[in-house]
Amino acid sequence: MIDYILTILVVVFISPFLVGLIKSVKMFLLFKKPVSPFQPYYDFSKLLHKEVIYSKESSVISRIAPIFVLTPIIFVMFLLPPIFRGSFYISFMDAFTITGLLSLSTFFLMLLGLDSASSFGGIGSSREAFISALVEPAMILTIFSVSLIGGSISLGEASLNLASHFPLNHSASFILAGISFFILLIAENGRIPVDNPETHLELTMVHEAMILDTTGPNLALIETAGALKFGIFASLFVTLFIPFGANLCWCLAVSIFIVKLIFVSLVIAWIETNTAKLRLFKVPNLLGVSIVFGFLSLVTFYILGA
Amino acid sequence: MVDVLIGFFLATLITELFSTRLFKLIYWYALNSLFLGLIALYIGFNIDDKAMIITGFLTLFLKAIIIPYILKVYFLRFNIPRRIIPKITIQYSIILIPIVLVFTFYLITPILHNFTHANYVSIAISALFLAILLIIEHKNIAPKIVGFLSIENSLFLLGISATDGMPMMVELGIFVDLMMLVVVINLLLKEAK
Amino acid sequence: MSFVFLPPIVIFVLSYFKIHRVLMSLVASSVIIPAIYILTHHFESSYFYADKLGSFVLLVSSIVGIGISISLISLPERIKMSEKNIKKIYRFFGIFWLGVTISILANNMGIYWIGLEFATLSTVYMIKLNNTDVANKQAWKYLIVGVIGISLILFGIILMYSAGKNALNENAMNFYALSLNSKKIEGFLFEIGFLIAVTGMFIKMGFFPMNLWLADIERASIYPIGALFSGILESAIILGFFRLTKIEEHINYSHLIGFVYIYGLITLFIIVFLMYRTKDFIRLFSFSGIEHMVLISLFWVSGGYFAALLHFAAHAFFKPALFLSTGLLEQTKKYLFKGALNGYKNKLVPILVSMLLLGVISLPPSPMFFSEIYGFKAMIDVSKDSHYFLLMIFGVFIVLTLLSVVFYKFVNVYQEAVYESDGNNNKKVYKSEIFMLLWFLTALIGLLFSFDYIDGIIR
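Procedures and definitions
Per chain, residue numbering runs from 1 following the sequence as it is written. Ligands are numbered from 1 and chains lettered from A, in the order in which they are written. Per-residue local features of the predicted model are confined to residues with pLDDT of at least 70, and side-chain atom pairs are confined, for both listing and counting, to 80 or more; whole-chain, interface and lining totals are unaffected and use all residues. Segments assigned H or I by DSSP are reported as helices when at least four residues long, segments assigned E as strands when at least two residues long, and all are numbered from the N terminus. With C-beta atoms placed from the backbone, a residue is buried if 20 or more other C-beta atoms are within 10 Å of its own, exposed if 12 or fewer are, and partly exposed between those counts. Here the contact rule is simple: place C-beta atoms from the backbone, and any two residues whose C-beta atoms are within 7 Å are in contact. Here the globule rule reads 2.2 Å times residues to the power 0.38, and the radius of gyration is calculated from C-alpha atoms. Helix span, expected: 1.5 Å multiplied by one less than the number of residues in the helix. This arc corresponds to the set of directions leading from the helix axis out to the C-beta atoms. To obtain an axis, a line is fitted to C-alpha atoms, over the contacting stretch when the element is a helix, and the angle between two such axes runs from 0 to 180 degrees between their N-to-C directions. Any angle between 65 and 115 degrees counts as roughly perpendicular, while under 35 counts as roughly parallel, over 145 as roughly antiparallel, and the rest as oblique. Rotating anticlockwise by less than a right angle from the far helix to the near helix defines a left-handed crossing, while the corresponding clockwise rotation defines a right-handed one. Gly falls in the polar group here, along with every residue not listed as nonpolar (Ala, Val, Leu, Ile, Met, Phe, Trp, Tyr, Cys, Pro) or charged (Asp, Glu, Lys, Arg). For every residue, the pLDDT score states the predictor's confidence, bounded by 0 at the bottom and 100 at the top. For the purposes of this analysis, a nonpolar core is taken to be any set of buried Ala, Val, Leu, Ile, Met, Phe, Trp, Tyr and Cys residues that are connected through C-beta atoms within 7 Å.

A separate point is the overall build of chain B. Broken down by element type, chain B carries seven helices and zero strands. Going from N to C terminus, chain B has its helices and strands arranged as α-α-α-α-α-α-α. Put simply, chain B has 193 residues, and 49% of those count as buried. Restricting the contact set of chain B to residue pairs at least 6 apart, pairs at least 24 apart contribute 69%.

This is how it looks when you write it as structure tokens:
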């Protein structure tokens, strides 16, 4: 039980660091003087001291939505696959659970954006709905396919199975699911090429537009939710698709896990520097590839493996 | 190992269907032929069939390197528009492609037990249908040419996997077809300006 | 036996030098000797195979080839062409004829396919020779459709080979070996391969849904191209169709009948109404060619082998003759039917052409009349004892109705061509054209006397 709480705390505390690391590595690759990777922690404590302002036209949603955005994500934190064997896992997490909970969080974020009664929020919410509608089926297909490869419908057990004996004859569907999930990682967390997290132009905003009107501790909660979401996706990607090292003793397993997370952040930073943001109506092309790859990985599991 | 390569073969074919830039299309086609050549080489070394090894090397060399390069040079010389937009919008493609895949896999289920290399035949048939879809869904000439070449790739895959080695004649026939196609295209394009 | 390949190769080689067209057609007519030799001496090796069916088709296509080469003598006087283009025509004609001869004699399915590929790719160039804008576009369309067709055929061939591989090892590529051992090959796999290959063949013959490209191509190019397509190329394709359906019959007859009937009837329906609206000769003849191909496949699949072969041979003599005489009919450069048969000083030519024009819709002394009667008899015979008798009667009724629309159109065309005048009274006729018409008519009359031989081909 202690291991369980400790691993969750590790993921919670390292997520803002990962987001800050991405930004810092991007600046380094662009030959600028890099900002410190611990900046998101400073931002969090700074925002806690600011005052909260609600605009006149907003309703009760603006008051309660930040909490509802954060809560499902914390809930999912408790359901993540274990980092090393022996840390407790909850066995009813499967593809539908995780997708549903993350969609609940996104739903309240969209409501928040609509509630601010400015057109920026409306733009952001509609674009977010547009992207999530394509991300959800892909996520369900991909995670379901990985559960099949791992041999169990619950993600925790599947990841432990993958770590202990990796089925080489299912590598094709595994790699296709990996590609699909990586595209989802980029899309759900609002990274380039789907959404620019550093923009201030309305033409290119998706996530930023919805939270334009929040201030103070509410903004701190939402930013934390964003960072934790990235942490969840990165930890899922790492435990499911780079599944080695879970059988060692706990200190080695945790450090290998942290190294893998940093590796994922570096890859995303590299992709962000080398790619341009896609036009909004070109995003379905990319997500269409993700959906079809997820489907393909399921189908090749049944056909090539059967 | 062949499973992984065939999975990538199909994945690059599907990416061809979603791409909207001409040179990226040629690039995915080159990757497609690369995986096809690797499959041929792997199966050839496993069952020790000289003909398949030779055709595997030929595929790698010709279809993955030379022909994409020639295509790129011709497309540059004749100023063909580089933005290709499919007639079937993305929303319907997402539904149509899985339907094609499932349909061909379902078609093959009664005869699964016949083949040593299990279901590569169904993947070859679905690759044929997807290549025909590539030809149908674009209006310009250039993606149609890449579509023909993808049909040839699927034929080759069928030839490798359906039996243990085809009679060499048909493989040579496919290559002759390819060469004549490229020659024909050059001569046709010369006057169509 | 290998002398049968010699004339096309000689034509190809000679086309690089200065062309003497009469010499070319004499060379071409020397192919009749090996063809008759093969007719009498059948043989079977692992690559080539000539039984009664194959040698008959070879004879038919050789006669058509000779006729076309005779009519090519007068080609430069009808259409202004440069010397280089005339050489190119003969060059591609040589390759085309060589390819088709290889396909007809082929035993190995791969060689059959290679021959078809030569034929397809060489006709693409021939279409381009006209050098107008329309011709370029049509050449592209033909390239696309042709390559899809032959790729599908190759795909089906590979599947059928793998169906027979377990029982027959290397011989599974041979038509002969497959037809002898049709009980031992894997049924379902062969059926899938068969369906894909036959779809490819139908696409190349111009059935639905690719039924417009044939007419457009033949309109956009010079008139002998249509003759080449409908005479020689279709005989190679239909021979493959014949051989494959004979094997498929033993595997699953009802699937075969269902597939060919539905496909054929849909195509026939569309083609007939397209034909009703045409306004020039070449389109009319192209659609009529497709319609006859549908009838041939329907007759063969119902078991009327005599009817199908007779219809095939008669069509292969009628249609090229008609295409080649459009050079005469359209010499006023107006693509209309009015008065096309009027105004010739020589009275023989209009009579010959009208005999051909009326014969193709099966007026009595023409062999098509007999073949259609026997064909419908076969269609009814095949369903006599089964549950589908009424359905077949209904189907025959529909086919007859559609054919009557065609009949009406042709008679209308004939009337317009003969009884109206377009004011031009100096139409020129060349000796080679008269000779060509007489050649085809003699072949048709010869067909009338060889019913017994044709009957004995498939027994």
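Across its full length, chain A holds 11 helices and zero strands. Of the regular secondary structure in chain A, the N- to C-terminal order runs α-α-α-α-α-α-α-α-α-α-α. The C-alpha atoms of chain A give 19 Å as radius of gyration, which agrees with the globular expectation for 306 residues (19 Å, within 12%). Looking at the 306 residues of chain A, the share that counts as buried comes to 49%. By sequence separation, contacts in chain A at least 24 residues apart represent 80% of the contacts at least 6 residues apart.

Our focus in this paragraph is the environment of Tyr 253 of chain C. All names here are of chain C. Secondary-structure assignment places Tyr 253 in helix α13 (residues 253-276). On the neighbour-count criterion, Tyr 253 (14 C-beta atoms within 10 Å) is partly exposed. Expressed as a C-alpha distance, the spacing of Tyr 253 and His 387, which sit 134 residues apart in the sequence, is 15 Å.

Many structure descriptions define interface size as the accessible area lost when the parts assemble. On the chain B side, the residues contacting the 19 residues of chain A number 21 residues. The set of elements that each furnish at least two residues to the side of chain A that touches chain B consists of α7 (171-188) and α11 (283-305) of chain A. Residue contributions to the side of chain A that touches chain B peak at 13 residues, all from α11 of chain A.

This next bit is on helix α17 (residues 367-382) of chain C. Residues and elements named next belong to chain C. Helix length check: α17, at 16 residues, gives a terminal C-alpha distance of 23 Å against a target of 22 Å (1.5 Å per residue), a fit within 8%. Residues Pro 367, Met 368, Phe 370, Ser 371, Glu 372, Tyr 374, Gly 375, Ala 378 and Met 379 constitute the buried set of α17. Against the buried residues of α17 lie α14 (281-301), α15 (305-329), α16 (348-359), α18 (389-419) and α19 (431-448).

The α-helix winds at 3.6 residues per turn, so residues separated by three or four positions along the chain end up facing the same way. For helix α1 (residues 6-14) of chain C, every residue scored as buried is listed here: Pro 7, Pro 8 and Ile 11 of chain C. Along the axis of α1 of chain C, the buried positions cluster into a sector of 100 degrees, meaning they face one direction only.

With that settled, consider the environment of Phe 78 of chain B. Locating Phe 78 of chain B in the fold gives a position in the loop between α3 (50-77) and α4 (90-108). Along the sequence, Phe 78 of chain B and Asp 3 of chain B sit 75 residues apart, while their C-alpha atoms lie 39 Å from each other.

Residue and element names in this part refer to chain A. Between helix α1 (residues 2-29) and helix α10 (residues 250-274), the least distance of the axes is 9 Å, while the angle of their chain directions is 30 degrees. By the angle between their axes, α1 is roughly parallel relative to α10. At the point where α1 passes α10, the crossing takes the right-handed sense. For the pair α1 and α10, the contacting residues are Asp 3, Val 10, Ile 14, Leu 18, Leu 21, Ile 22, Val 25, Lys 26 and Leu 29 in the first and Trp 250, Val 254, Ile 258, Leu 261, Ile 262, Ser 265, Leu 266, Ile 268, Ala 269, Glu 272 and Thr 273 in the second. In terms of residue class, the contact of α1 with α10 is made up of 15 nonpolar, two polar and three charged.

The next point concerns the arrangement of the chains. No other pair of the two pairs of chains in contact has as many contacts as chains B and C. The smallest C-alpha distance separating chain A from chain C is 18 Å, and no contact links them.

Low pLDDT means the predicted atomic positions in that stretch should not be read closely. For chain B, the average pLDDT comes to 81, and 82% of its residues sit at 70 or higher. Listed scores for the predicted complex are pTM 0.82 and ipTM 0.85.

What follows is about the nonpolar core. Grouped together as the largest cluster of nonpolar side chains are 302 residues, with contacts concentrated most on Ile 14 and Ile 39 of chain B together with Ala 197 and Phe 317 of chain C. If one sorts the elements of this core by residue count, α15 of chain C sits on top with 18 residues. When sequence neighbours within four positions are dropped, the list of residues in contact with Ala 197 of chain C reads Leu 152, Ile 153, Gly 156, Ile 157, Met 160 and Leu 244 of chain C.

This brings us to the packing of helix α5 (residues 119-150) of chain A against α7 of chain A. Helix-helix packing: each pair is described by the crossing angle between the helix axes and the interaxial distance. Residue and element names in this part refer to chain A. Relative to each other, α5 and α7 sit at 145 degrees, their axes nearing to 9 Å. Crossing handedness for the pair α5 and α7: left-handed. In contact with Ile 131, Val 135, Ala 138, Met 139, Thr 142, Ser 145, Val 146 and Ile 149 of α5, α7 contributes Ser 173, Phe 174, Ala 177, Ser 180, Phe 181, Leu 184, Ala 187 and Glu 188. Grouping the amino acids of the contact of α5 with α7 by side-chain chemistry returns 11 nonpolar, four polar and one charged.

Okay, unusual backbone geometry next. Residues Ile 192 of chain A and Pro 193 of chain A are joined by a peptide bond in cis, for which omega reads 10 degrees. Its place among the elements puts Pro 193 of chain A in the loop between α7 and α8 (207-210). Of note, the phi angle at Phe 31 of chain A is positive, near 60 degrees, even though the residue is not glycine. For Phe 31 of chain A, a count of 7 C-beta atoms within 10 Å corresponds to the exposed category. One non-glycine residue, Ser 362 of chain C, lies in the positive phi region at around 65 degrees. Residue placement: Ser 362 of chain C occurs in the loop between α16 and α17.

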